[in-house]
Amino acid sequence: MKAPAASHRAMHVFGAVLGAVLLAGFMRGTEYNPAPRVRGEPVARPSSDLRAAPSYTSMMTEPQARNTHWRHSLGGLVPQAAVDEAVTQGRNEAVAARAARRAFDGAPPTIPHPIDQRGVLGCLDCHAEGVVVAGRSAPAMSHAAYTNCTQCHVVADGPREPAAPPPQTVATENAFRPVPPPAFGERAWAGAPPTIPHSTQMRGTCLSCHGVSGAQGLKSSHPWRVSCTQCHAPGAALDLRPSMDVPLVGRTQ
Amino acid sequence: METDRRTLMKLAAMAAATTTVNRLAQAEPSVDATAGKGGNWQKAPCRFCGTGCHVQVNVEGGRVVAVAGDPLAEVNKGLCCVKGYHVGLALYGKDRLRTPMLKRNGTHVPISWAEAIDIIAGRIQKDPKGFAVYGSGQWTIPEGYAALKLVKGGLGTNNIDANARLCMASAVTGYVSTYGVDEPAGTFTDLDKCDVVILWGNNPAEMHPVLFSRFIDRRARGEKVTLIDIGTRRTRSTDHAQHFLQFKPNSDLAIANGIAHLLLERGTFDEEFVRKHCNFRQDTAEPSLQGQPMTLQEYRKALGPYTPEAVEKLSGVRAADIRMLADLFANKELRITSLWCMGMNQHTRGTAINRLVHGLHLLSGHFGRPGDAPTSLTGQPSACGTVREVGTLAHGLPGGLVVTNEKDRAITEQLWNVPAGRIPAKPGPHTVAMWRNFSTPADQGGDINTVWVQCTNPGQSLPNLNALFNPSRKLADKFLVVSDVYPTATTKDADLILPSALWVEKNGMTGNSERRTQQWFKMVPPPGEARDDVWQLIAVARRLFELGNEGMKDKDGQFIFRQLDATGREVPIWQWEHYDDINVDERLFNEYRLFTTHKHKNLAPYREYVKARGLRWPVVEQPDGSWRETQYRFAEFDDPFVKKGEGIQFYHSVTKDDRALIWFHPAEDPPEKPDAEFPFWLCTGRVLEHWHTGTLTMRIPQLRRAMPQAYVEMHREDAARLGVQNGDVVVVESRRGKLELPVWMDGRGSPPPGSLFVPFFDERMLINLVTLDAHDPISKQPDYKKCAVRVRRRPEGARP
């Protein structure tokens, strides 16, 4: 039998050493090391911050500091009216912001950011699920996906105009008075689930506005419940359903 | 039996729930109960394009307050485009016309309606033959019918034409000379069924977005739809296409011939279909509607030179792509729908290219099955319903009848109860001829001295304005009357302006591209003293009657627009306060529909349209008294007029043998093409946000802000050579006029080097000062898509 060449032996030795080092490194890496990686001087805290553990006997008479704001009588609460007002205000702000982006309630909102004029647009990258970044939200679509987004949604401010466009010749004001934004849904009694105060046509995905990425005043208090119409009834009149049954105003004979 | 009991209980609960839901759904909410909650919704077709979407209009306090897509409408299935959603705002621009105005000493001063009507009637009475009406595909059906009856039945002239001449005349001549009768055999339903859509110079992603979505969204449902865009520039439609075939302007005839050549060469055309249903045809020396017969052998020989390689040389489209198209047409398994609009129609060879595309479908047998159809799209809400069907054209009569046919004239005169011979046999002037005549002094043959324009804006939309429109405004005895809703490029220089009611401010009926006739009721009052166009026409007719104009009397001496109430008394509908006493629309429509049976364009009575979201003609009464619409014409399985057992029958055949015509036309040069002096092609057109001349859409803030002004699209190479960047202003100049426009590269469209595109919606930048008025020899439709221009940087020191 021929002895292995010297270079082969060297390689075997090198391989064995490398293996041993790797194994040792791996074992060292997986070792539980409770010691913090960075050690520093302990932070000195004023003794006033420290609270002595209460005794069982004192617990009955002295409220625990952490819960000092707890109330045990309804009288001291923020009045319901103030809560309602805050909720209403938040909602009104959200509704006003919403109205500013569309001609009337139910009109397709305009796009508040620049878009590509051509090409297959990436609208769904953000608007399929909805995204919130740094306080700005790209709401999820409220309707099923259509391919040609720009068919209905146009930019709020168009392509850059040249420095001095010709003077406008048409009246730019429009006296259209939109249908007012929806009021609150009706509740049969305080605490009952409100009805849906707006049409659900093209707005069937409730979480678009009422989900976690929705505006503060419109968010659901229970976004984990996803079968919305289980409790919130749509209005037949708002759903455009009775159109053929509504007596037509006009020159019928 | 626990299970059964549980099931029973479930069923009972479900029944109870269903009953409640039904009750909710069917409850008739009174208008009052839902006031303030958006409950009063009524149906109307959209005011804008020829797609004919239905919208639901929310009316409160006599005003439109919201609009929604109509889920019950088959055309749009609840979806609209951005114009449709904002159509309600079109009523409320601040500068609506509210009172009649007469030009005195160069300024417009308000006058009364009585004065206005007197002035028009006076001018007509003085010279009935010098009076012409220029109408519109935006006329409602009753408006067009009243105008036609006034001119042809009353004044006994054919001096009436409509702006649809500028948009679909070539489609009409294409249909008439192929099938013997106008309008598509298929419908929009084909878009749901086809495997392949071919766009012939068409950009539906912007111009017919609802139809575009109708087939593009099928992909999202897992269906395969192959989109082929044959165009001269890249557009939003191109972005969704599998194949983009960019051709040199005017070479579309070569492409069609190349496909036909391969079908014959390879023997992959549908021999049986052709043998049973087709004849071959070619032009006479002077192009005509009838042409002259040719044999299959002659046809094959004529196509001989159009090999894929030769077509590549002519058109710039790769030979491989011509073969790809021929392969598609050869495959009978596929359903192919061809769509076109202005690209093929606004073409000096418009009739020819229309015929060739029909020919490809006939030759390959891609016809008469759902999804297999050559379908032209229209740009106006009633280009089909009013102009083509009512026949408000120089040669037209209602229901597809024509003045050149003695029998047709007799039918019309009899239905109108006017003396025989009232209607002249010679067609009147077509649009370009009418306006050229109006712009010509009387002593040089310009015998038309009064033109009444309704629902259109020729001062912006006519081609070559410096030749066709502007001169008339400087001639003393040329009197222009304009009925419109806003100040426009036309009213600016009009002698008399009449304020009109718009859309749901009046009753109306329109007809869309797929033969669908639609109806709506008046929902809100018009502003100020604005009044219906129908009323305006009838009021003038009545004034003429009172002045003793014999034409305004029928054979019995009665007023030609006489209407009786239920008690048999005549209703003075010419008095505005009595106009609403009866439904004049219903009366006029029911009179008009009597014409429609002659060419198998049968319409149902008015009341049927009240119930429907439009019905596609022919609408035929069934034994049970119901009315059935027709989706597929000439095909036995759907068209009630096809003889049983025929399969396909072209029952209005030009050759009277139930066959359609396959035409041959050679590819030829256009009348003007780029040269050393004017080296660029200029194409004009529309954008998504604006509709035609922008008089409505520029007043809708959401649309105007999205697309504030016109521009010129240019390729980067050309811009670099000119040393201009986006937003820089250039001068676009042709032999006829010039215009300053900002440059936009890679914007909505990307033309190839040497080509420009300018939209025509902006009245501040009238591109029609530059365009060409050369027109198709048969359809008389001008070519807005091709002329030669040069471009230069705006000189220093010019308007900043």
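Residues numbered from 1 in each chain as written. Chains lettered and ligands numbered in written order. Predicted model: local features only at pLDDT ≥ 70, side-chain atom pairs only at ≥ 80, totals over all residues.

Summing up its helical and strand segments, chain B has 27 helices and 29 strands in all. The C-alpha radius of gyration computed for chain B amounts to 27 Å, which stays within 12% of the reference 28 Å derived for 800 residues, consistent with globular compactness. If one aligns the C-alpha atoms of chain B with their principal axes, the spans along those axes are about 100 × 70 × 55 Å. For chain B, with 800 residues in total, the buried portion stands at 61%. Long-range contacts, defined as pairs at least 24 residues apart, comprise 70% of the intrachain contacts of chain B with a sequence gap of at least 6. (Helix = DSSP H or I, 4+ residues; strand = E, 2+ residues; numbered from the N terminus. Rg over C-alpha atoms; globule rule 2.2 N^0.38 Å. Buried ≥ 20, exposed ≤ 12 C-beta atoms within 10 Å, placed from the backbone. Contact = placed C-beta atoms within 7 Å.)

When helices and strands are tallied, chain A shows five helices and two strands. Taken from the N to the C terminus, the helices and strands of chain A come in the order α-α-α-α-β-β-α. Across the 253 residues of chain A, 12% fall into the buried class. Taking all contacts inside chain A whose residues are at least 6 apart in sequence as the whole, residues at least 24 apart take part in 62%.

What follows is about the sheet that holds strand 2 (residues 54-60) of chain B. Residue and element names in this part refer to chain B. Strand order in this open sheet of three strands is 1-2-3, and the pairing throughout is antiparallel. Looking at which strands have only one partner, the edges of the open sheet turn out to be strand 1 (41-45) and strand 3 (63-69). Between one strand axis and the next, the sheet turns by 35° as a mean value, whatever way the strands run. The pairing of strand 2 with strand 3 spans six bridges and is classified as antiparallel. Among the inter-strand pairings, Val59 is bridged to a residue of strand 3, identified as Val64. (Pairing = 2+ DSSP bridges. Axes fitted to C-alpha atoms, helices over the stretch in contact; angles between N-to-C directions.)

Residue and element names in this part refer to chain B. Interhelical geometry of helix 5 (residues 141-155) versus helix 17 (residues 383-391) gives an angle of 35° and a closest axis separation of 8 Å. You can see that helix 5 and helix 17 cross each other, and the crossing is right-handed. Here Ile141, Gly144, Tyr145 and Leu148 of helix 5 lie close against helix 17, whose contacting residues are Gly385, Thr386, Val387, Val390 and Gly391. Here the residues of the contact of helix 5 with helix 17 sort into five nonpolar, four polar and no charged. (Left-handed = near helix turned anticlockwise from the far one by under 90°. Nonpolar A, V, L, I, M, F, W, Y, C, P; charged D, E, K, R; others polar.)

Regions with low pLDDT should not have their predicted coordinates read in detail. All names here are of chain B. With 94% of its residues at a pLDDT of 70 or more, chain B has an overall mean of 93. Contacts from residues 11-37, a stretch scored under 50 in pLDDT, to residues over four places away or in other chains number 19 contacts. We note a pTM of 0.87 for the whole complex and an ipTM of 0.87 for its interfaces. (pLDDT = per-residue confidence, 0-100.)

What follows deals with helix 3 (residues 80-100) of chain A. Here helix 3 of chain A contains 21 residues, and its C-alpha end-to-end distance of 30 Å stays within 8% of the 30 Å for a straight helix at 1.5 Å per residue. Counting buried residues in helix 3 of chain A gives zero out of 21 residues, a small share hidden from the surface. (Expected span 1.5 Å × (residues − 1).)

Residues and elements named next belong to chain B. For helix 5, with 15 residues, the first-to-last C-alpha span of 20 Å sits near the 21 Å given by 1.5 Å per residue. A bend of about 25° at Lys149 is the largest found in helix 5. Of all 15 residues in helix 5, 15 are buried; the element is thus mostly enclosed. A positive backbone phi angle near 65° is found at Gly156, which sits one or two residues after helix 5. (Bend = angle between axes of the 7 residues up to and from the residue.)

All names here are of chain B. The five strands are arranged 10-9-8-13-14 in an open sheet whose pairing can be described as parallel. Edge positions in the sheet fall to strand 10 (243-246) and strand 14 (373-376), since each has one partner strand and no second. With strand direction ignored, the average angle separating the axes of adjacent strands in the sheet is 15°. Note: strand 8 (residues 196-200) against strand 13 (residues 336-340), five bridges, orientation parallel. Each bridged residue has a counterpart across the sheet, and for Trp200 the counterpart in strand 13 is Trp340.

Take unusual backbone geometry next. If a residue is not glycine, its phi is most likely negative; likewise, a peptide bond is most likely trans. All names here are of chain B. In this structure, Pro618 follows Trp617 across a cis peptide bond, with omega equal to -5°. Among the structural elements, Pro618 can be located in the loop between strand 20 (615-616) and strand 21 (620-621). The phi torsion at Arg515 lies on the positive side, around 70°, for a residue other than glycine. Residue position: Arg515 is located in the loop between strand 18 (508-511) and strand 19 (516-520). Residue class for Arg515 comes out buried when judged on the 27 C-beta atoms lying within 10 Å of it.

All names here are of chain B. Interaxial distance between helix 4 (residues 113-126) and helix 22 (residues 533-546) falls to 9 Å at its minimum, and their mutual angle equals 60°. Of the possible angle classes, the one that applies to helix 4 and helix 22 is oblique. In this structure, helix 4 meets helix 22 at a crossing whose hand is right-handed. Of the residues in helix 22, those touching helix 4 at Ile117, Asp118, Ile120, Ala121, Ile124 and Gln125 are Ala539, Val540, Arg543 and Leu544. Residues of the contact of helix 4 with helix 22, tallied by class, amount to seven nonpolar, one polar and two charged. (Parallel < 35°, antiparallel > 145°, perpendicular 65-115°, else oblique.)

This brings us to the environment of B:Leu741. All names here are of chain B. You can see Leu741 is positioned in strand 27 (residues 738-744). Taking the C-alpha atoms as reference points, Leu741 and Met765, separated by 24 residues in sequence, lie 7.3 Å from one another. Apart from the residues within four sequence positions on either side, Leu741 is in contact with Ala710, Tyr711, Val712, Val729, Val730, Val732, Val758 and Met765.

All names here are of chain B. Residues Ile259, Val732 and Leu756 are the most contacted members of the largest nonpolar core, which totals 252 residues. Here this core gets nine residues from one element, more than from any other, and that element is helix 22. If we skip the residues at most four places from it in the chain, Ile259 touches Ile322, Leu325, Ala326, Phe329 and Leu360. (Core = buried A, V, L, I, M, F, W, Y, C linked by C-beta atoms within 7 Å.)

We now examine the environment of B:Gln558. Within the element layout of this structure, B:Gln558 appears in the loop between helix 22 and helix 23 (576-579). Between the C-alpha atoms of B:Gln558 and B:Asn417, which are 141 residues apart in sequence, the distance is 9.7 Å.

Considering the arrangement of structural elements, one finds B:Lys644 in the loop between strand 22 (627-628) and strand 23 (660-664). Linking B:Lys644 and B:Arg531, residues 113 residues apart in sequence, is a C-alpha distance of 49 Å.

Quick look at the pairing of strand 5 (residues 107-110) of chain B now. All names here are of chain B. One ladder, built from four bridges, connects strand 4 (residues 101-104) with strand 5; its direction is antiparallel. When the bridges of strand 5 are listed, Lys103 appears paired with His108. In sequence, strand 4 turns back onto strand 5 through a hairpin of two residues, with Asn105 there showing a positive phi of about 50°.

Turning our eyes to something else, we now look at the confidence of the model for chain A. For chain A, per-residue confidence averages 81 on the pLDDT scale, and 83% of positions sit at 70 or higher. A low-confidence stretch, residues 241-253 of chain A (pLDDT under 50), is modelled with 33 contacts involving residues beyond four sequence positions or located in other chains.

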